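These are the residues of each chain, in order.
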Amino acid sequence: MSAINEIASLWMEGTMRTLDAFRTGFGATMDDPPPATRSRVIYESGLVRLRHYEARGANKKRVPLLLIYSLIKRPFILDLQPGRSVVEYLVKQGFDVYLIDWIPPRSDDRNHGFDEYVNTDIANAVRAIQIYTGIEQISILGYCFGALLGLIYSALHSGNVKNLVTLTIPLDTSPRQLPIEHLTAAMTSRSAKVIVDMYGNAPAWMMYSFFNTLAPTHHLLDKFVGAYRSSARPGYLDTFKLFERWLHSDVPMAGRIFLETSEMWRENSLMKGTMKVGETIADLTRIAMPLLNVIGDRDDIVNPLSSEPLPELVSSGDKQNLHYPTGHMGAAISADSLKRLWPQIATWLSARDD
Amino acid sequence: MATNDDNPRSKLNSIDSTFSDEVLKLAQCLMPEPPTSKVKRIVANITDKGIDRQLHEIGWKAYDTVIGAANNATNRVFTSPAVGQVLGGAIDIILRYQRFNAAVAGAFFSALWPAVGLPSATEVEAIRSDVRAMREELRDAVAERDSKDDFASELHIAVRESIVSQQADEKISARKTNGHPATHIDPATMPAKKSSVYQFSVWSGWPGADPMEPGEDVGN
C-alpha cells in the first residue's frame, strides 16, 4: 500500500469515528434499558417485531391484547420500570399482551408507508397472534401515532378486531391552538419532500429537535430543576433518568410514511374520509367494534380537540370518550394514571372479553 | 511590661513585612468580621426564626413565575401566524441550502475519493446491501435450524406467505390455548397481503418450557 493510501485510510477512519461520535451525540438510537416485564419475541418480519407478555394470575382474559406504539420513539416507555409499567399492569390483570416493537427503518426502508405498516406489518402481526393463540378476533390498544395506525388497521380489517382502544390519537388536524399544531402547519409539502430527498428517512435528530423546540425552557432548564426539587422523593431520580433515556430514544421515520403523514395532516384526510392506504380508502365508518377513545385533558402534544371527534366518525354502537386529567406521556407513566386511568381501561376491556 | 512586639501594629511598615502582609492587615482593619462568618451568622439567625422556609418558598414561587412566563412567551411565539410563516420559509430555505451543499460536497468528494484510493458512496452502499442480504440469509438459516417444531416451521411459512395452509389450519384447531378451545380461523377471512414490500421473516419458535432470561430479546 502506498503511503498516500495509508494516510487516506487513516484519515477516513478518523472521519468515520468523528461522524459516529456526532451520530451518537445527535440522538442515534440507544439500547433499551432492561425491561420490567419478561417478554418473548414470537414473530419478526418487515419492520415489526412482536413481543408476547404472558398473562399472570388466575383471572386470565380470553381475548389477546395488541399494543401498538408510535413510530418515532422506542416503546419501552410502556414497560419503564417495575411498578411504573403499563405492560406489567395489564399482564397482572390477566391480559395476554402482545406489543409491536417497531424496528427502526434503515436507509433502504424509505419506501415504507402506511400501506406497508398497516397492510403488511400490523396485518402480519395480527395474523401471527391469531395463529399463535387460535383466537380470531383480538383487542387493539394504540398509543398516539400507534393509535392512528391501529385505527386505520381496524377500518381496513375490521373483522379481525374485537375491541379498539385509542389513546391520545391525533385525528383531527384542524385545531390550531398548540405550538406543535402551528409548527406542523409551517412545514410545507416541499420541505417534507426535501427532507426525504436528502436523508431518505426523516432523521431521528430532526424528530428530537422538533419536539425540543416546542418547549425549550422545559428541556434546557426546568426539567432538571424539577428533578432537583423532587430528588428527595424515593425512586424519583431513577424514573427521571429512565424517562430521559426514553426522551432520547428517537428513531427515524421512514421516508414514505413521513411524507404521507405530513400530507394527511395538511389535508386532514383521515378525518374527512379521503385518505387512501394502498388502493383502499381508510373509511372510519367501517369501524363497528366497541371503541374506547382515551383523551388526556392536559395533553400538549395531541390536542384533546383533535381526539374528541373520533366516536362521531365510527359506526360502533358501543363507543365512548374517556377524558382524564393527564398529559401526553403522563397517561403512560404517571403513578396517578396507573392507579386510576388504567384500571378503567382494563375494566372496559374485561367487560368485552367474552 | 508590654513590649512593642505584642502590638500587632508594631511590624507595620517594618522591613520584615511583605506587601501581602500589609494588604491582609489593611483588610483586617476594614472588615473586623470576615464576610462568610457574617453571612453564616445571619443565616443561622434566620433559620432559628423559621424564616428560611418562607424565603425558600418565595424563591421557588419566583422561579415558577419566571418559567411560566418564559413558557407563555415561547407558546405565543410558536402560535403567532407571522412567526409560523417565517419559520416555514426558513425551514424551506435551510433545507434547500443543505441539499445544495450536500450535492456540491458530494460532487467534489466523489472525484477526490478515487484519487486517494477510497471507495465512492455508491460502492460503499453496494457493499452494505450485500452484507445485509448475507445477514438476512444467515438469520433465515439460523431460524430454520432453530425451528425444531414442525408446526412452527409451517406457521412461519404460512405467516410469511400470508396463506394459512390446510394442514396448519387443522393443527391450529387441535391446539388449545389459554385454557380456551381454539377458534377456527378461516383463511378466507385473512387479509390478503397487499404490499410488495416484504423483506425477511424469522420465526423464533414456540415458547419452550424454560423461561428466557429477562434481558434477552430486548433492544435493537
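Just so it is clear, the model here is predicted, and its values are computed rather than measured. (Residues numbered from 1 in each chain as written. Chains lettered and ligands numbered in written order. Predicted model: local features only at pLDDT ≥ 70, side-chain atom pairs only at ≥ 80, totals over all residues. Heavy atoms only, no water.)

(A) Geometry of the packing of aromatic side chains. Residues and elements named next belong to chain A. Inspection of every chain in the model, using the stated rule, returns eleven aromatic pairs over all chains. Judged by centre distance (6.5 Å) and plane angle (15°), the ring pair of Tyr236 and Phe240 falls under stacked. Of this pair, Tyr236 and Phe240 both sit in helix H9 (residues 236–247), four residues apart, which is roughly one turn of that helix. Note on Tyr236: relative accessible area 23%, which makes it partly exposed. Summarising the aromatic geometry, the rings of Phe243 and Trp246 are spaced 5.5 Å apart at their centres and angled 25° between planes, so their arrangement reads as stacked. One end of the pair, Phe243, and the other, Trp246, are both in helix H9, three residues apart, so they sit about a helical turn from each other. Since its relative accessible area comes to 4%, Trp246 is described here as buried. Joined through ring pairs, the aromatic side chains of Phe224, Tyr236 and Phe240 make up one cluster. Across the ring face of Trp246, the terminal group of Lys73 is positioned such that the distance to the ring centre comes to 5.2 Å. (Phe/Tyr/Trp six-rings, centres within 6.5 Å; stacked < 30°, edge-to-face > 60°. Helix = DSSP H or I, 4+ residues; strand = E, 2+ residues; numbered from the N terminus. Buried < 20%, exposed > 50% of the residue type's maximum accessible area, 1.4 Å probe, protein only. Lys NZ or Arg CZ within 6 Å of the ring centre and 35° of its normal.)

(B) Expanded view of helix H10 (residues 255–267) of chain A. Residues and elements named next belong to chain A. Between the first and last C-alpha of H10 there are 18 Å, a value that for 13 residues agrees with the 18 Å anticipated at 1.5 Å per step. Burial in H10 covers these residues: Gly255, Ile257, Phe258, Thr261, Ser262 and Met264. Trailing H10 by a residue or two, Asn268 shows a phi angle of about 55°, which is positive. (Expected span 1.5 Å × (residues − 1).)

(C) Structural detail: a nonpolar patch on the surface. Nonpolar side chains collect at one region of the surface, where Trp11(A), Phe108(B), Phe109(B) and Leu112(B) lie side by side and expose about 400 Å² of accessible area between them. Among the elements that take part in the nonpolar patch, helix H4 (residues 81–115) of chain B stands out by supplying three residues, more than any other. The topology assignment puts Phe109(B) in helix H4. Here Phe109(B) falls in the partly exposed class, since its relative accessible area comes to 31%. (Patch = residues over 30% accessible without salt bridge, like charges linked within 9 Å, V, L, I, M, F, W, Y side chains within 5 Å. Areas by Shrake-Rupley, 256 points an atom, 1.4 Å probe, with all protein chains shown as cover. Salt bridge = Lys/Arg side-chain N within 4 Å of Asp/Glu carboxyl O.)

(D) Up close: the nonpolar core. In this structure, Leu50(A), Leu66(A), Leu149(A) and Leu270(A) are the most contacted members of the largest nonpolar core, which totals 62 residues. The contact partners of Leu66(A), leaving out residues within four places of it in the chain, are Leu50(A), Tyr98(A), Leu99(A), Ile100(A), Val126(A), Ile129(A), Ile138(A), Ser139(A), Ile140(A) and Leu141(A). (Core = buried A, V, L, I, M, F, W, Y, C linked by side-chain atoms within 4.5 Å. Contact = heavy atoms within 4.5 Å.)

(E) Layout of H4(B). For H4(B), which comprises 35 residues, the first-to-last C-alpha distance of 51 Å matches the rise-based estimate of 51 Å (1.5 Å per residue) to within 8%. Phi turns positive one or two residues past the end of H4(B), at Gly117(B), with a value near 80°.

(F) Molecular detail of the environment of Arg99(B). Positionally, Arg99(B) belongs in helix H4. Note on Arg99(B): relative accessible area 33%, which makes it partly exposed. Sequence separation between Arg99(B) and Leu24(B) is 75 residues; the distance between their C-alpha atoms is 64 Å. Not counting the four nearest positions on each side in its chain, Arg99(B) is found in contact with Val194(A), Asp197(A) and Met198(A).

(G) Highlighting the pattern of salt bridges. Residue and element names in this part refer to chain A. Tallied over the entire structure, the rule returns 13 salt bridges over all chains. In this structure, Lys193 engages Asp197 in a salt bridge whose closest nitrogen and oxygen atoms are separated by 3.3 Å. Placement of both Lys193 and Asp197 in helix H6 (residues 189–199) is noted, with a separation of four residues, approximately one turn of the helix. By relative accessible area, Asp197 is classed as partly exposed at 41%. The residue Asp318 makes a salt bridge to Arg352 at a minimum N-O spacing of 2.6 Å. Taken together, the residues Asp318 in the loop between helix H13 (310–313) and strand E12 (319–324) and Arg352 in the segment after helix H15 (335–351) connect sequence positions 34 residues apart. Owing to a relative accessible area of 28%, Asp318 belongs among the partly exposed residues under this scheme.

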